[in-house]
Amino acid sequence: MTPSEPNTWTPDHTVPGLDPGDLPFAASAFDRDAVDREHRDLRAAAGSDPSARVLVMVGGDAPVREGHLVLEDYDAAPAASEDPAHPDVYLGRLHGDGAPVLLRSFAAGTEVLDQSDVVRAGLRTLGTELEPEETSLLVTAQSVGLWHRDHPRCPRCGTVTEVIRSGWARECPEDQTLHFPRTDPAVIVAITDGHEDPERERILLGRSSLWASNRYSTLAGFVEPGESAEQAVVREIYEEAGIVVGSVHYQGSQPWPFPRSLMLGFRAVAHTMDFTPDGQEILDLRWFTRAELKAAAVERTIVLPGRISIAHALIVSWLGEPLPEGA
């Protein structure tokens, strides 16, 4: 951000927010039992509860049968891993019958005996196929499971930490420091030119250096320490596209556990129209009217984000109608 760049914004209360029902990872939540799990080990308590269930994940893949997440009876589930990077975690209770659910995770490649009608798949595949509560359960399991996998040791002294608080924290036995699951906030922004005529208003989409040449989406970036989400919107758009934006308006949020992000969705209005891709993260940028976007999606000259992402919801919200079938 240059010293001359404006770092102010004004809220636009005329812009509607996103419907959580349009965000597959944020539509419905189970009961996390967050207060009780702090005071007693609900993992151990589940062992004496006949209704307890276990979600067994292997390398990030979850078991599915006939379109539903498979939750094993506690006594029928495989024995817990002895790997400190794959501890059991108490996830919470299902709203329907109040059954407690544990996550039991194993490293990729571990042999786990599944019934013949059970298939395993990852969250990117299952995100739009499961019931909302099941999706929320799986998102949480992947998020906390990846944190344990990547952070089994104390960042200060390197000692293997001990799992406490029902699997939601780790404590170093050497220096008694506490460590909690990490979430990285990121902003993702639908940028428009603010034209009063809906037929002439345009949205700015970019192509990441990591994508195929015809894949376009909204722009995104991580919130830096000491920065508000709105400040991050202004900075990231200027850095990636060379455009100054204002009228920054929050739209909604979505957990994105690949591996540990929280996507904060915004809409913003460009104050300058000429863009310059940064050439590193963003290789190309294009303005689209609504008609141009629909035509390009139908003709497959561009590929837009899939339905599991908040980027898809931001684009559809601006478009004012669902994307064409197959887009």
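Caption draft 1: Seen up close, unusual backbone geometry. With an omega of 10 degrees, the peptide bond running from phenylalanine 258 to proline 259 counts as cis. By the element assignment, proline 259 lies in the loop between strand E14 (245-256) and strand E15 (261-270). The backbone of aspartate 33 sits at a positive phi, close to 55 degrees, despite the residue not being glycine. Within the secondary structure, aspartate 33 sits in the segment before helix H1 (34-39). The class for aspartate 33 is buried, based on a relative accessible area of 16%. The residue glutamine 176 is not glycine, and still its phi comes out positive at about 60 degrees. Looking at where glutamine 176 falls in the secondary structure, it is placed in the loop between strand E9 (169-171) and strand E10 (178-179).

Caption draft 2: Fine view of the nonpolar core. Among the nonpolar cores identified, the biggest contains 48 residues, and Leu55, Leu91, Leu138 and Leu293 are the most heavily contacted of them. Examining the composition of this core, we find that seven residues originate from one element, helix H7 (residues 310-319), more than from any other. Each residue touching leucine 138, except ones within four places of it in the same chain, is listed here: Leu55, Met57, Ala62, Leu69, Leu123, Leu126 and Leu130.

Rules behind the numbers
Positions within a chain are numbered from 1, following the residues in the order the chain's sequence is written. A pLDDT threshold of at least 70 governs which residues receive local features in this predicted model, and a stricter bar of 80 or more applies before side-chain atom pairs are shown or counted, although totals over entire chains, interfaces and linings include all residues. Based on all heavy atoms of the structure, the side-chain values leave hydrogens and waters out of the count. What counts as a helix is a DSSP run of H or I of at least four residues, what counts as a strand is a run of E of at least two, and both are numbered from the N terminus. The cut-offs for exposure are 20% and 50% of the maximum accessible area for each residue type, with area from a 1.4 Å probe on protein chains only; residues under the lower value are buried, those over the upper are exposed, and the others partly exposed. Here, nonpolar core means buried Ala, Val, Leu, Ile, Met, Phe, Trp, Tyr and Cys residues that are tied together by side-chain atoms lying within 4.5 Å of each other. Note on definitions: a residue-residue contact is assigned when non-hydrogen atoms from the two residues lie within 4.5 Å.

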